[in-house]
Amino acid sequence: MTMEIVAEKKDALEVKLETLSEADLQAILKELERRLSADEAAFVHSCVRCGLCADSCHYYLANGELEDIPAYKLNLVAKVIKGLFTAGGKIAPGWTGARKLDRDLVRQWVDTLFGRCSGCGRCTINCTSGINIAAMIRMARGALAAADLVPPELQSTVMTAVNQGNNMGIPRQEWLDTVAWIEEELQAETQDRNARIPIDAKGVQFLYTVNPREPKFFPLSLLAAAKVFHAAGASWTFSSDYYDVTNYGLYSGDDAYAGMLSDRLYQATADLGAEVLVLGECGHGFNANRWEAPQWLHKRPPFPVKSVLEIIAAFVSQGRIRLDPARNQAPVTLHDPCNLVRYGGVIEEQRFLLKRAVADFREMRPNRQKNYCCGGGGGQLSMTRYAKRRLKAGRIKADQIRKTGAKIVAAPCHNCIDQLSELNREYKLGLEVKTVVEVVANALVLEPPAQL
Amino acid sequence: MSLIQLLRVASLASAVFCFVFLVFLLVRTNALGRRKLFSVPRGSAGRGVVYAFGPGMMPWEKESAGGHLPTFIGGILYHAAIFIAFLYLFWVNLAPASIRPLRIFRIALFMGAAAGLALFVKRAVKPHLRRLSCPDDFFANLFVDFYLVISLCHTYFPRGEPLLLFSAIALFMYIPLGKIRHCFFFFYTRVLFGVFFGRRGVYPCSAPKA
């Protein structure tokens, strides 16, 4: 009986779509209008539907479906805006491609804008006009959020972070215990009983934030960063409460929640008097906290917000740490997380580090700003309903990696690492997937602690 | 005032109407407001804009251009021909017939019209592109192609001037109403692209290659 009930239980999003009311449609339109600025209006006027963006999208390359073409996705949104705000769209909607928002269109929005886009922005840099298609899609996601039409798996990730302080719902004590355990590991590895992982230390230089997947599933990632900070003699700390660098509000399109999550990190940095907010290896966390949060919060943080890669690259440049590439003999390639590289501008630091930390570094083709998305961004990893599409679209990345012949793929992003690990299994790549900091930590030349 | 003189004045007036309408659209778009950017720049917005209108348009920099060279070249020829056709129209209106560089006009207009028609055929034949398009996409293309052909014919048959002027008036009236308005908004969007990626130090990359 219970099983039958479970089997018959309808998906909450499907129920919502089936019972969509006029009030829901109005809520979507109201939010769309609220968010429509000159930029988005110009984008609507600029798209000529040339379709040249198609090949830039890994979804289209893998599936070849009309719905995967970025211009198609853009026009799902643009046609509603045209219908509402342009004379041509009001007078001759059929002629100009304008359309009124209705249930069918909302269903298409949800399926296409959430289910066929990782927000990687590769279409944006390839658009003939330069339209920020990913930004348009995020705007529409935000409008859907106003009517509770975010896929529940994604929304629950946002709400877990909002309600529990991190997106994995790790209790505070578990976090503190993990850090204490990693501190013991650090002391063992460095053979230095004074090696510390500070928590809530005041007046330090760096407040370091991480993806909660690290304490939960990849604690060695924490250890790697701690080793590097220790070797550099850095003054740093974790916060006991707000250490989650991720921000799934970027993906759900909900600026209010997104701003709240980023503000906690800003507040923690200010409360501890840290000089720099250091964002761990998380692509979207970097974009959210470095670039988008100041706009969400309408304020400029009174301290620099930097990627841990920028910090470690500076350690190497300043001679504060030494790396021995001979310690990483296997060929290594580098994945460029879209939010860190194409949308973040952190492009060369990871290369600078890897070229000094590994014996055989191999670039993918294309690379840097033009690299393909792994397929794990845009909230795709949390939206399990679209997992098949995600893995299929990931074939482009898998092929790219295979061509390098590398045995290790370094990715400065934990979402990318999850997707790459799945691609590794799905496409039998036979790889090790690591963070950049893990590779760097493995090459660290640790000075023996001073004898007392 | 003769019919030709009347049409000449009307064509110039419609060009002014077109320009004013596009400026109005631009002002109305701007009136929606631009988000204030609070994040600390990593690169330069100005350098980004230079990139957006320079290297960022090149086929070796943009996959969508490099991977579709015939379309890219066709697009350049087509758009160049449109501007040349408008130049020709003003020449017809304002300059003596004896000093028209007809050969240059003819070559440009012929190549542009051919490229425009090729783009039309591509849109009509490719299933995804066809389904992506609205009637305005086809009509605007054909309308402009027609105008290029009329301009080309006029270089050979100056007596067909009323037809050239009529079609110019119709085209100028249509431009702000449909997709051809992108002729203005393209530049707006490229500036936004340059500012966005320039500030973030993405294009051009703010760090030297490692």
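Residues numbered from 1 in each chain as written. Chains lettered and ligands numbered in written order. Predicted model: local features only at pLDDT ≥ 70, side-chain atom pairs only at ≥ 80, totals over all residues.

Visitor: How should the overall build of chain A be read in this particular structure?
Guide: Helix and strand content of chain A: 24 helices and eight strands. Its C-alpha radius of gyration of 23 Å places chain A within 12% of the 22 Å reference for a compact globule of 452 residues. Taken along the three principal axes of its C-alpha coordinates, chain A extends 85 × 55 × 45 Å. Looking at chain A as a whole, 58% of its 452 residues qualify as buried. Contacts in chain A between residues far apart in sequence, at least 24 positions, make up 80% of those at least 6 positions apart. (Helix = DSSP H or I, 4+ residues; strand = E, 2+ residues; numbered from the N terminus. Rg over C-alpha atoms; globule rule 2.2 N^0.38 Å. Buried ≥ 20, exposed ≤ 12 C-beta atoms within 10 Å, placed from the backbone. Contact = placed C-beta atoms within 7 Å.)

Visitor: Looking at this structure, how should I read the overall build of chain B?
Guide: Scanning chain B from terminus to terminus reveals nine helices and zero strands. Beginning at the N terminus, the succession of helices and strands in chain B can be written as α-α-α-α-α-α-α-α-α. Considered along the principal axes of its C-alpha atoms, chain B spans approximately 65 × 40 × 35 Å. The contacts in chain B between residues at least 6 apart in sequence include a share of 78% that link residues at least 24 apart.

Visitor: Can you help me understand the nonpolar core in this one?
Guide: Most often, soluble globular proteins have nonpolar side chains that are buried together. Counting 161 residues, the largest nonpolar core has L144, V228, I312, L354 and V440 of chain A as the members making the most contacts within it. Of all hydrophobic cores here, the second largest spans 30 residues; its members include V92, A115, L171 and I175 of chain B. (Core = buried A, V, L, I, M, F, W, Y, C linked by C-beta atoms within 7 Å.)

Visitor: Explain the pairing of strand 1 (residues 206-209) of chain A here, please?
Guide: Where a strand is regular, its side chains alternate between the two sheet faces. Residues and elements named next belong to chain A. Neither face of strand 1 is exposed, since F206 and Y208 on one face and L207 and T209 on the opposite face are all buried. Alignment of strand 1 against strand 2 (residues 236-237), held across two bridges, turns out to be parallel. Residue pairing in the sheet places L207 in a bridge with T237 of strand 2. Two elements, strand 1 and strand 3 (residues 276-279), share four bridges in a ladder whose sense is parallel. Pairing of F206 across the sheet is with V276, part of strand 3. (Pairing = 2+ DSSP bridges.)

Visitor: How do you make sense of helix 13 (residues 172-190) of chain A when you look at a structure like this?
Guide: Quick reminder: α-helices carry 3.6 residues per turn. Residues three or four places apart thus point the same way. Residue and element names in this part refer to chain A. Compared with an ideal rise of 1.5 Å per residue, which puts 19 residues at 27 Å, helix 13 spans 27 Å between its outermost C-alpha atoms and is within 8% of the ideal. When we look at burial in helix 13, the residues that qualify are W175, V179, I182 and L186. Buried residues along helix 13 cover an arc of 65° about the axis, so they all sit on one side. Facing away from the buried side of helix 13 by more than 90 degrees, the exposed set consists of Q173, D177, A180, E184 and A188. Contact partners of the buried residues in helix 13: helix 14 (213-216) and helix 15 (219-232). Q191, located one to two residues past helix 13, shows a positive phi value of around 50°. (Expected span 1.5 Å × (residues − 1). Arc of directions from axis to C-beta.)

Visitor: Even after reading the chapter, I still don't get the interface of chain A and chain B, so can you show me in this structure?
Guide: Interfaces are often sized by the accessible area lost when the parts come together. Across the contact, 49 residues belong to chain A and 51 residues belong to chain B. Of all the secondary-structure elements, those providing two or more residues to the side of chain A that touches chain B are helix 4 (38-46), helix 6 (70-85), helix 8 (93-96), helix 18 (283-297) and helix 20 (349-357) of chain A. Element by element, the count of residues in the side of chain A that touches chain B is highest for helix 4 of chain A, at seven residues. Among the residues making up the side of chain A that touches chain B, the classes are represented as 19 nonpolar, 19 polar and eleven charged. (Nonpolar A, V, L, I, M, F, W, Y, C, P; charged D, E, K, R; others polar.)

Visitor: I would appreciate a short explanation of the domain arrangement of chain A in the present structure.
Guide: All names here are of chain A. Per the domain assignment, the segments of chain A are domain 1 (9-149), domain 2 (162-317) and domain 3 (325-442). Computed over C-alpha atoms, the centres of domain 1 and domain 2 are 34 Å apart. A breakdown of the residues in the side of domain 1 that touches domain 2 according to their chemical character gives two nonpolar, two polar and two charged. (Domains from an automatic or database assignment.)

Visitor: What am I meant to see in the sheet that holds strand 3 of chain A here?
Guide: Sheet strands line up and pair through hydrogen bonds in the backbone, either parallel or antiparallel. All names here are of chain A. Ordered by their spatial adjacency, four strands build an open sheet running 2-1-3-4, and the pairing between neighbours is parallel. A strand with exactly one partner marks an edge of an open sheet, and here the two such strands are strand 2 and strand 4 (305-307). Relative to strand 4, strand 3 runs parallel, the two sharing three bridges. By the bridge assignment, L279 is partnered in strand 4 with S307. Of the strands in this sheet, strand 1, strand 2 and strand 3 are in contact with helix 17 (residues 255-272), which crosses strand 1 at around 150°. Along the sheet, helix 19 (residues 308-317) contacts strand 1, strand 3 and strand 4; its crossing angle with strand 4, the most-contacted strand, is approximately 75°. (Axes fitted to C-alpha atoms, helices over the stretch in contact; angles between N-to-C directions.)

Visitor: Please explain helix 4 of chain A as it appears in this structure.
Guide: By the criterion of burial, helix 4 of chain A is predominantly enclosed, with eight of the nine residues buried. Inspection of helix 4 of chain A places D39, E40, A41, A42, F43, V44, H45 and S46 of chain A among the buried residues, and these make up the whole buried set. As for helix 4 of chain A, its buried residues are in contact with helix 6 and helix 11 (133-145) of chain A together with helix 1 (3-31) and helix 9 (182-199) of chain B.

Visitor: What am I meant to see in the sheet that holds strand 5 (residues 332-334) of chain A here?
Guide: Strand order across the open sheet formed by four strands is 6-5-7-8 (chain A), with parallel pairing between neighbours. Only two strands of the sheet have a single neighbouring strand rather than two, namely strand 6 (361-362) and strand 8 (432-434) of chain A.

Visitor: What am I meant to see in the confidence of the model for chain B here?
Guide: The predicted coordinates should not be examined in detail at positions where pLDDT is low. All names here are of chain B. Mean pLDDT over chain B works out to 93, with 98% of the residues at or above the 70 mark. Between the elements of chain B, mean pLDDT differs from a low of 92, seen in helix 3 (residues 63-66), to a high of 97, seen in helix 2 (residues 45-53). On the interface metric, ipTM, the complex scores 0.94, and its pTM is 0.94. (pLDDT = per-residue confidence, 0-100.)

Visitor: I would appreciate a short explanation of the environment of I131 of chain A in the present structure.
Guide: Considering the arrangement of structural elements, one finds I131 of chain A in the loop between helix 10 (122-126) and helix 11. Along the backbone, I131 of chain A and L105 of chain A are 26 residues apart, and their C-alpha atoms lie at a distance of 22 Å. In this structure, I131 of chain A is in contact with F43, S46, C47, L74 and T124 of chain A together with T189 of chain B, ignoring residues within four places of it in sequence.

Visitor: Explain unusual backbone geometry to me, please; I cannot follow it from the model alone.
Guide: Glycine aside, residues mostly have negative phi, and peptide bonds are mostly found in the trans state. Residue R365 of chain A is joined to P366 of chain A through a cis peptide bond whose omega torsion reads -10°. When you line up the elements, P366 of chain A lands in the loop between strand 6 and helix 21 (387-393). Backbone torsion omega between Y203 of chain B and P204 of chain B reads -10°, so that peptide bond is classified as cis. With a phi close to 55°, R49 of chain A is a non-glycine residue in the positive phi region. As for its placement among the helices and strands, R49 of chain A is situated in the loop between helix 4 and helix 5 (58-63). Taking the number of C-beta atoms within 10 Å as the measure of exposure, R49 of chain A has 21 and is therefore buried.

Visitor: I would appreciate a short explanation of the environment of P215 of chain A in the present structure.
Guide: All names here are of chain A. Within the secondary structure, P215 is located in helix 14. Residue classification places P215 among the buried positions, given that 25 C-beta atoms sit within 10 Å. For the pair P215 and T160, spaced 55 residues apart in sequence, the C-alpha to C-alpha distance is 16 Å. Discounting residues that sit within four places of it in the chain, P215 has contacts with I170, W175, T178 and L222.

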